[in-house]
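Structure assessment
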Amino acid sequence: MQPAFSQTTVLRQVGEAWIQKLHSQADSLFAKFEQGGGTGYIDEAIDLDRRALELCPPGHPMRPVSLMWLAIHLSDRYNQLGATKDIEEAIVLDREALNLRPQGHTDRSSSLGNLAICLSTRYNQLGAMQDLNEAIVLDREPLPARTP
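Structural notes, computed from the coordinates.

Rules of the game
Residues numbered from 1 in each chain as written. Predicted model: local features only at pLDDT ≥ 70, side-chain atom pairs only at ≥ 80, totals over all residues. Heavy atoms only, no water. Salt bridge = Lys/Arg side-chain N within 4 Å of Asp/Glu carboxyl O. Helix = DSSP H or I, 4+ residues; strand = E, 2+ residues; numbered from the N terminus. Axes fitted to C-alpha atoms, helices over the stretch in contact; angles between N-to-C directions. Parallel < 35°, antiparallel > 145°, perpendicular 65-115°, else oblique. Left-handed = near helix turned anticlockwise from the far one by under 90°. Contact = heavy atoms within 4.5 Å. Nonpolar A, V, L, I, M, F, W, Y, C, P; charged D, E, K, R; others polar. Expected span 1.5 Å × (residues − 1). Buried < 20%, exposed > 50% of the residue type's maximum accessible area, 1.4 Å probe, protein only. Phe/Tyr/Trp six-rings, centres within 6.5 Å; stacked < 30°, edge-to-face > 60°.

Here's the deal with the pattern of salt bridges
Evaluation of the coordinates by the stated rule reveals 10 salt bridges. Note that aspartate 43 is salt-bridged to arginine 77, the shortest N-O span being 2.7 Å. Here aspartate 43 is found in helix α2 (residues 39-54), whereas its partner arginine 77 is found in helix α3 (residues 63-81), with 34 residues between them in sequence. Residue glutamate 88 pairs with arginine 122 through a salt bridge whose shortest N-O separation is 2.8 Å. Taken together, the positions of glutamate 88 in helix α4 (residues 84-99) and arginine 122 in helix α5 (residues 108-126) put the pair 34 residues apart, joining distant regions of the chain. Here the residues in one salt-bridge network are Asp43, Arg77, Lys85 and Asp86, joined through shared partners.

And the structure:
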């Protein structure tokens with residue numbers, strides 16, 4: 001007789017719970033940073049997001065979410081501290097997350113929006129018109145699916 005849950009299923013559920021816990025801790029640390037805590041809080045939050053992403057190899061169902069959270073915290077750190085490498089990495093991560101969410105995916109619009117925000121942010125810093133143009137295209141993509 002086959003057990004109700006295979007060992008792989010149990011390990012995946014435990015792994016996903018651990019990944020969610022890492023992201024939750026990272027979010028709490030980021031909130032502490034926003035409330036006037038030192039940069040160590042945002043750095044630790046990003047380290048936790050990186051650890052969560054390491055647990056999500058290509059093909060893992062939580063990889064897009066882990067990419068998104070790391071990108072969000074890198075973008076937020078860029079907005080607070082201005083390190084260009086943070087916004088550059090956030091864009092790379094957001095692109096990967098978007099590629100993992102094809103047309104019709106329920107979370108595609110959030111990936112589109114996150115990438116568009118990062119591109120607009122980089123445009124504001126560097127003035128590269130292609131970033132602004134791409135952000136506009138990305139922001140327009142979900143509109144046809146929502147209009148009658």
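Focus: the packing of α3 against α4
Relative orientation of the contacting elements α3 and α4 amounts to 160°, with a least axis distance of 8 Å. With respect to α4, the element α3 is oriented roughly antiparallel. Here α3 and α4 pass one another in a crossing that is left-handed. Note on element contacts: α4 touches α3 through Thr84, Lys85, Asp86, Ile87, Glu89, Ala90, Leu93, Asp94, Glu96 and Ala97, opposite Arg63, Pro64, Leu67, Leu70, Ala71, Leu74, Ser75, Arg77 and Tyr78. Per-class residue counts for the contact of α3 with α4 are 10 nonpolar, 2 polar and 7 charged.

Comments concerning helix α6 (residues 129-140)
With 12 residues, α6 should reach 16 Å at 1.5 Å per residue; the first-to-last C-alpha distance of 17 Å fits that figure. Buried residues along α6 sit against α4 and α5.

Some words on the environment of aspartate 131
Structurally, aspartate 131 can be placed in helix α6. Judged by its relative accessible area of 3%, aspartate 131 is buried. Expressed as a C-alpha distance, the spacing of aspartate 131 and cysteine 118, which sit 13 residues apart in the sequence, is 8.9 Å. For aspartate 131, the contacting residues outside a window of four places in its chain are Leu119, Arg122 and Tyr123.

Things to note about the packing of aromatic side chains
Scanning the model with the defined rule gives 1 aromatic pair in all. Each ring, one from phenylalanine 30 and one from phenylalanine 33, has its centre 5.9 Å from the other, and the planes form 40°; the classification is tilted. Taken together, the residues span about one helical turn, with phenylalanine 30 and phenylalanine 33 both in helix α1 (residues 7-34) at a distance of 3 residues. Phenylalanine 33 shares its class with phenylalanine 30; the two are buried.

Brief notes about the environment of glutamate 89
Here glutamate 89 is to be found in helix α4. Overall, the relative accessible area of 25% leaves glutamate 89 in the partly exposed class. In sequence terms glutamate 89 and serine 75 are 14 residues apart; their C-alpha atoms lie 8.5 Å from each other. When neighbours within four sequence positions are excluded, glutamate 89 is seen to be in contact with Arg50, Leu70 and Leu74.

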